[in-house]
Amino acid sequence: MIRISIVTITYQAARSLQRTLDSVACQTYPSIEHLIVDGASKDDTVAIAQRYQKASPHEVIISSEPDKGLYDAMNKGLQRATGDYIIFLNAGDTLHAPDTIATVARAAQTSTAETSAAEAEGQHPLPAVIYGDTAITDAEGHFLHLRTHRPPEVLTWRSFKKGMLVCHQAFYARLDIAQRFPYDLKYRHSADVDWCIRIMKEAARLELPLVNTHAVVADFEEGGDTTQNHRASLLERYNIMATHYGRVQTFLLHCWFAVRALFRGL
């Protein structure tokens with residue numbers, strides 16, 4: 001059975017954590033490992049996590065210690081995880097439905113079975129990435145709208161030239177691949193974009209598929225770190241795109257984005 005590692009990063013997250021924990025606790029899929037990596041919170045975050053640990057039907061591992069920021073904490077979770085796939089679901093974010101993890105696992109298994117049957121060479125390696133759509137919610141978890149960037153039918157590492165088409169919370173990466181690509185700490189707000197691209201590049205090198213669940217798999221709370229640090233995040237994303245796709249192409253693409261936005265505003 002495919003094992004899914006869910007990593008939740010917290011710091012002073014008592015207001016929003018419970019909703020995230022509840023969405024994991026109610027998952028119908030049995031093989032889940034939930035790692036809660038806390039940055040030495042001073043509020044009730046750890047106490048909430050400990051109560052959840054006692055009541056959850058899934059394996060829950062809690063750590064609380066100072067870190068160097070969000071992506072340093074995410075790297076800790078990445079290295080401690082033991083599943084077949086890893087997903088980052090931070091405080092305030094939720095799995096969309098009780099069968100979300102079952103949907104993701106089924107997509108991985110179906111893809112593997114279909115490829116094996118086609119090649120007739122026994123068990124084929126698991127897909128590198130399983131992905132889906134994302135719903136945007138308010139601070140109370142109420143649905144607002146689907147994410148503006150929608151996942152493409154066929155995803156490749158080049159897809160992100162048009163923006164981050166798959167939300168980080170809807171991007172399930174195969175752990176053995178993901179652990180070879182820690183988050184780059186030089187990026188403070190958009191290291192997840194770089195991380196996803198690097199994993200998809202590795203998938204292309206290994207000729208492993210990226211599988212679309214054709215389902216909403218994550219709820220993302222509006223107003224996260226990227227929104228609060230919008231200008232710095234945009235600059236980082238531009239530099240990430242220039243690194244992966246080339247400076248000339250990135251510049252021309254952003255000129256087109258600007259022209260398109262202008263005509264939409266007329």
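Residues numbered from 1 in each chain as written. Predicted model: local features only at pLDDT ≥ 70, side-chain atom pairs only at ≥ 80, totals over all residues. Heavy atoms only, no water.

> Explain the side chain of Thr134 here, please?
Checked against the element boundaries, Thr134 lands in strand β6 (residues 129–137). Thr134 gets classed as buried once you look at its relative accessible area, which sits at 1%. Once residues lying within four places of it in the same chain are set aside, the contact partners of Thr134 are Leu146, Arg147, Cys167, Ala170, Val216, Ala218 and Phe220. (Helix = DSSP H or I, 4+ residues; strand = E, 2+ residues; numbered from the N terminus. Buried < 20%, exposed > 50% of the residue type's maximum accessible area, 1.4 Å probe, protein only. Contact = heavy atoms within 4.5 Å.)

> What should I look at first to understand the environment of Ala13 in this one?
Examined against the element boundaries, Ala13 turns out to sit in the loop between β1 (4–10) and α1 (17–25). Non-local contacts of Ala13, meaning those with residues more than four positions away in its chain, are made with Asp43, Thr45 and Ala91.

> Looking at this model, I keep getting lost on the pattern of salt bridges. Mind explaining?
Once their charged atoms are close, side chains differing in charge can pair, the charge on each being opposite to the other. Scanning the model with the defined rule gives 11 salt bridges in all. Residue Asp176 pairs with Arg174 through a salt bridge whose shortest N-O separation is 2.9 Å. On the accessibility criterion, Arg174 (13% relative accessible area) is buried. Close ionic contact of Glu202 with Arg180 constitutes a salt bridge, the shortest N to O distance being 2.9 Å. Pair noted here: Glu202 is in helix α6 (residues 191–206) and Arg180 is in the loop between α5 (175–178) and α6, with a separation of 22 residues, a long-range link. Looking at Arg180, the relative accessible area reads 43%, which means it is partly exposed. Taken together, the salt bridges that share partners define one network made up of Arg3, Glu33 and Glu59. (Salt bridge = Lys/Arg side-chain N within 4 Å of Asp/Glu carboxyl O.)

> I'm lost on the packing of α1 against helix α2 (residues 45–55) in this one. Help?
Geometry of a packed helix pair, given as the angle between the helix axes and the separation of the axes. At a minimum axis distance of 10 Å, the contact between α1 and α2 shows a crossing angle of 15 degrees. Taken together, the axes of α1 and α2 are roughly parallel relative to one another. Note that α1 runs across α2; the crossing there is right-handed. On α2, the residues touching Leu17, Gln18, Leu21, Val24 and Ala25 of α1 are Thr45, Ile48, Ala49 and Tyr52. (Axes fitted to C-alpha atoms, helices over the stretch in contact; angles between N-to-C directions. Parallel < 35°, antiparallel > 145°, perpendicular 65-115°, else oblique. Left-handed = near helix turned anticlockwise from the far one by under 90°.)

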